[in-house]
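# Overview (structure and organization)
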Amino acid sequence: MNIPAIKCGDCGTVHPRGVAVCPACGSEKIQEYEAKGEGEIHTYTVNCFVPAGKFKDRAPYVIAVVRTVENMFLTALVDTESPFNIKIGDKVRFRHYEDPLTPVFELAS
Amino acid sequence: MREVYIVGAHESVHGNRRDADLRKLIAEAAIPAIKDAGIDKREIQAIYLANYNANQFNNQNTLAALAATSLGLPHVPTVRFEAACASGGVAFRQAYIAIAAGIYDTVLVLGVEKMNVPLEEADADMQLQWAKSGVDYRYESGVGMNGATMFAMFAHRHMHEYGTTREMLAFSASKNKYHASLNPYAYKQREVSVEKILKSPIVATPFSTQEVSLITDGSAAVVLTTKDKALGLNKKMAVKVLGSGHGGGSFSVAFRDSHVTMRATVAAAKEAYSMANLKPEDIDVVECHDCFSFTELMNIEDLGFVEKGKGGWFAMDGHTRLGGKLPVNTSGGLCAKGHPIGCTGVGQIVEMTWQLQDRAEKRQVKNAKYALTHVLGGPGAISAVHILGRSDL
Ligand SMILES: [Zn+2]
């Protein structure tokens, strides 16, 4: 699955859609782009303490900074049965936006 | 630029202060700070107040004006500063600038936060939402991001790149619990062993419940004034503001130039050291923003006290403990003294003022001449660093 994104016409930065200018260089020359959904876990945490709200029943669950093959960084959920086995460098692929604010990845292997 | 001095400092007891509303907290810090300064409160020309989120925690906006009125100073001009967890450091800097520029002679800087509110007023979910509204709502709130998860991700990356361990984090946290055990103003005044910290339930890996900042009610106040006025009041007890720095970093946890160093801290420190004409090795005692156990290790690297990646080893060698070569967070820091968000940066200034005045009692660092304070707001988005020195040097 591709990820709705923008690409900067000046510096080439790819970023999830929603920004008005390029967050790396400030350029206004940004165009809509379909970013590749493959990437790896750059860093992560297993969120265990969720006393209330929509993630209460999901905990413990993985929040990660994902770095895609096009060097796009985004904060996302990584859906896995074994959250405590997650590690930096694990390959992941984009599944979908579960709601407009929540991108979800899954382990690629 | 005129020289600026701290002439009065005080803070409230930190904790779950069921006995104290915003007015009481404001009075508990401000009135003793003004008395400590030895001035008439009518000499205060402006009140700069740091507060993160009274509008949601307490249904109260425009808190600086409320503070002035509740202190019997309704005609004093006021402003509230919000910079997430850096609010207190930023408010202090703005007061410093106003006096240095000659706009005012005497300013009261107040930090206050009342985070523990009765649950009939707010259910637990809303309380969490308020505490974490300092993250980018559009890009990072949807995954359940909060302070713990963002700094947990920085910690894991640091562990991956430099070999920092959970034991190092716990060791540093245990050191700060010890410091808090000596501080009558701290929320949790008891020692906690490294073993207990490691065995406590996990909040967000790698942090246990003993490694996270506390939901705290508290207040702190300092009186800032000019050199002429300070030295006329009480020469020995005045503390000089030697350097002030304010740095910026990305507001995104994901999209930033580094996940192991906070550019905002590095920039703020550079500005402050340069203004003070001092180097990291000149500093005798530090209060830095240890919102989580790991954060202190990253901070002491970013502030230039130790090479990048070596913070954990520096802590394990005992250097950051009272009696070590660079005591850090003698107050107990944010995980033990507590973290009333807007108050924290002002509270750090109070602790360092007391250290430089030889008034820190059981926590006193001998012969402390130069002190440094550091706050960090959002995901390393805002930092303020101040360097203070004894006025008799
Ligand atoms: Zn660009």
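Residues numbered from 1 in each chain as written. Chains lettered and ligands numbered in written order. Predicted model: local features only at pLDDT ≥ 70, side-chain atom pairs only at ≥ 80, totals over all residues. Heavy atoms only, no water.

Before going further, it helps to spend a moment on the packing of aromatic side chains. Under the defined criterion, the tally for this structure stands at eight aromatic pairs over all chains. Measuring from centroid to centroid gives 5.5 Å for Phe94(A) and Phe105(A), while their planes differ by 65°, and the two rings are edge-to-face. With Phe94(A) in strand 7 (residues 91-99) and Phe105(A) in strand 8 (residues 102-107), the pair connects residues that are eleven residues apart, well separated along the chain. The same class applies to Phe94(A) as to Phe105(A), namely buried. Grouping aromatic residues by their ring pairs yields a cluster made of Phe151(B), Phe154(B), Phe207(B) and Phe292(B). Directly above the ring of Tyr139(B) sits Arg138(B), whose terminal nitrogen or CZ lies 4.3 Å from the centroid. Taking the ring centre of Trp313(B) as reference, the NZ or CZ of Lys310(B) above it sits at 5.8 Å. (Phe/Tyr/Trp six-rings, centres within 6.5 Å; stacked < 30°, edge-to-face > 60°. Helix = DSSP H or I, 4+ residues; strand = E, 2+ residues; numbered from the N terminus. Buried < 20%, exposed > 50% of the residue type's maximum accessible area, 1.4 Å probe, protein only. Lys NZ or Arg CZ within 6 Å of the ring centre and 35° of its normal.)

With that out of the way, let us pick up the interface of chain B and chain A. With 26 residues of chain B at the interface, the matching set in chain A holds 35 residues. Surface buried jointly by chain B and chain A totals about 2,500 Å² across both partners, of which 66% is contributed by carbon and sulfur atoms. Considering only the side of chain B, the residues that lose the most area to chain A are Tyr139(B), Val143(B) and Phe255(B), jointly responsible for 27% of the buried surface there. Joining chain B to chain A, the criterion identifies zero salt bridges. Across the contact surface, chain B and chain A share 18 residue pairs in polar contact (both at pLDDT 80 or more). For the side of chain B that touches chain A, the element with the highest residue contribution is helix 7 (residues 147-162) of chain B, accounting for six residues. Considering only residue class, the side of chain B that touches chain A consists of 14 nonpolar, eight polar and four charged. (Contact = heavy atoms within 4.5 Å. Buried area = accessible area lost by both parts, 1.4 Å probe. Salt bridge = Lys/Arg side-chain N within 4 Å of Asp/Glu carboxyl O. Polar contact = N/O pair within 3.5 Å; in protein donor to acceptor, adjacent residues only side chain to side chain. Nonpolar A, V, L, I, M, F, W, Y, C, P; charged D, E, K, R; others polar.)

Turning our attention to the coordination of the zinc ion. Residue and element names in this part refer to chain A. Here the zinc ion is held by Cys8 (SG), Cys11 (SG), Cys22 (SG) and Cys25 (SG), and the distances to it run 2.2 to 2.4 Å. Coordination at the zinc ion comes from four donor atoms whose angles at the metal span 106 to 115°, giving a geometry best classed as tetrahedral. Spacing between the donor residues of the zinc ion along the chain follows C-x2-C-x10-C-x2-C. Remark: Cys25 occurs in the loop between strand 2 (14-16) and strand 3 (30-35) and Cys11 occurs in the loop between strand 1 (3-8) and strand 2; sequence separation between them is 14 residues. (Donors = N, O, S within 2.8 Å, 3.2 Å for Na, K, Ca; no water. Tetrahedral: all angles 85-135°; square planar, octahedral: opposite > 155°, others 65-115°.)

Looking now at the domain arrangement of chain A. Residues and elements named next belong to chain A. What the domain assignment lists for chain A is domain 1 (1-35) and domain 2 (36-109). On a C-alpha basis, the centres of domain 1 and domain 2 stand 21 Å from each other. Taken residue by residue, the interface counts eleven residues in domain 1 and eleven residues in domain 2. Carbon and sulfur atoms make up 65% of the surface buried where domain 1 meets domain 2, a total of about 870 Å² over both sides. In this assembly, domain 1 and domain 2 are joined by zero salt bridges. Applying the counting criterion to the domain 1 and domain 2 interface returns two residue pairs in polar contact (both at pLDDT 80 or more). Mapped onto the side of domain 1 that touches domain 2, the elements with two or more residues apiece are strand 1, strand 2 and strand 3. The class makeup of the residues in the side of domain 1 that touches domain 2 is eight nonpolar, two polar and one charged. (Domains from an automatic or database assignment.)

Residues and elements named next belong to chain B. Listed as buried for helix 3 (residues 63-70) are Leu63, Ala64, Leu66, Ala67 and Ala68. Buried residues along helix 3 sit against helix 1 (22-37), strand 2 (46-50), helix 2 (54-57), strand 3 (78-81) and strand 4 (107-114). Downstream of helix 3 by one or two residues, Gly72 has phi in the positive range, about 80°.

Another aspect to go through is the packing of helix 1 of chain B against helix 3 of chain B. Residue and element names in this part refer to chain B. Where helix 1 meets helix 3, the closest approach of the two axes is 10 Å, and the angle between their N-to-C directions is 65°. Overall, the two elements helix 1 and helix 3 adopt an arrangement that is roughly perpendicular. Crossing angle aside, the handedness with which helix 1 passes helix 3 is right-handed. Contacts between helix 1 and helix 3 involve Leu22, Arg23 and Ile26 on the former and, on the latter, Leu63, Leu66, Ala67 and Ser70. Its residues assigned to classes, the contact of helix 1 with helix 3 comprises five nonpolar, one polar and one charged. (Axes fitted to C-alpha atoms, helices over the stretch in contact; angles between N-to-C directions. Parallel < 35°, antiparallel > 145°, perpendicular 65-115°, else oblique. Left-handed = near helix turned anticlockwise from the far one by under 90°.)

Moving on: the confidence of the model for chain B. When the pLDDT values of chain B are averaged, the result is 95; 96% of them are 70 or greater. Confidence metrics for the complex model read pTM 0.97 and ipTM 0.98. (pLDDT = per-residue confidence, 0-100.)

Bringing the sheet that holds strand 1 of chain A into the picture now. Residue and element names in this part refer to chain A. Reading across from one edge, 2-1-3 is the order of the three strands in this open sheet, with antiparallel pairing throughout. Edge positions in the sheet fall to strand 2 and strand 3, since each has one partner strand and no second. Between one strand axis and the next, the sheet turns by 40° as a mean value, whatever way the strands run. Relative to strand 3, strand 1 runs antiparallel, the two sharing six bridges. Residue pairing across strands places Ile6 opposite Glu32, the latter belonging to strand 3. (Pairing = 2+ DSSP bridges.)

On to the pattern of salt bridges, then. Taken as a whole and assessed by the stated rule, the structure comprises 32 salt bridges over all chains. In this structure, Glu271(B) engages Arg93(B) in a salt bridge whose closest nitrogen and oxygen atoms are separated by 3.2 Å. Linking Glu271(B) in helix 11 (residues 263-276) with Arg93(B) in helix 4 (residues 87-100), this pair joins segments that are 178 residues apart in sequence. Here the residues in one salt-bridge network are Asp79(A), Arg93(A), Arg95(A) and Glu106(A), joined through shared partners.

With that settled, the discussion passes to the domain arrangement of chain B. Residue and element names in this part refer to chain B. By domain assignment, chain B separates into domain 1 (4-120 + 215-232) and domain 2 (143-213 + 242-386). Distance between the C-alpha centres of domain 1 and domain 2: 23 Å. Taken together, the contact pairs 38 residues of domain 1 with 33 residues of domain 2. Buried area between domain 1 and domain 2, summed over both chains or domains, comes out near 2,800 Å², and the portion from carbon and sulfur atoms is 67%. The largest contributions to the domain 1 side of the interface with domain 2 come from Glu11, Cys85 and Arg93, which together make up 24% of the buried area. For Asp36, the salt bridge goes to Arg359, with nearest N and O atoms at 3.1 Å. Joining domain 1 to domain 2, the criterion identifies seven residue pairs in polar contact (both at pLDDT 80 or more). Ranked by the residues each element gives to the side of domain 1 that touches domain 2, the list is headed by helix 4, at seven residues.

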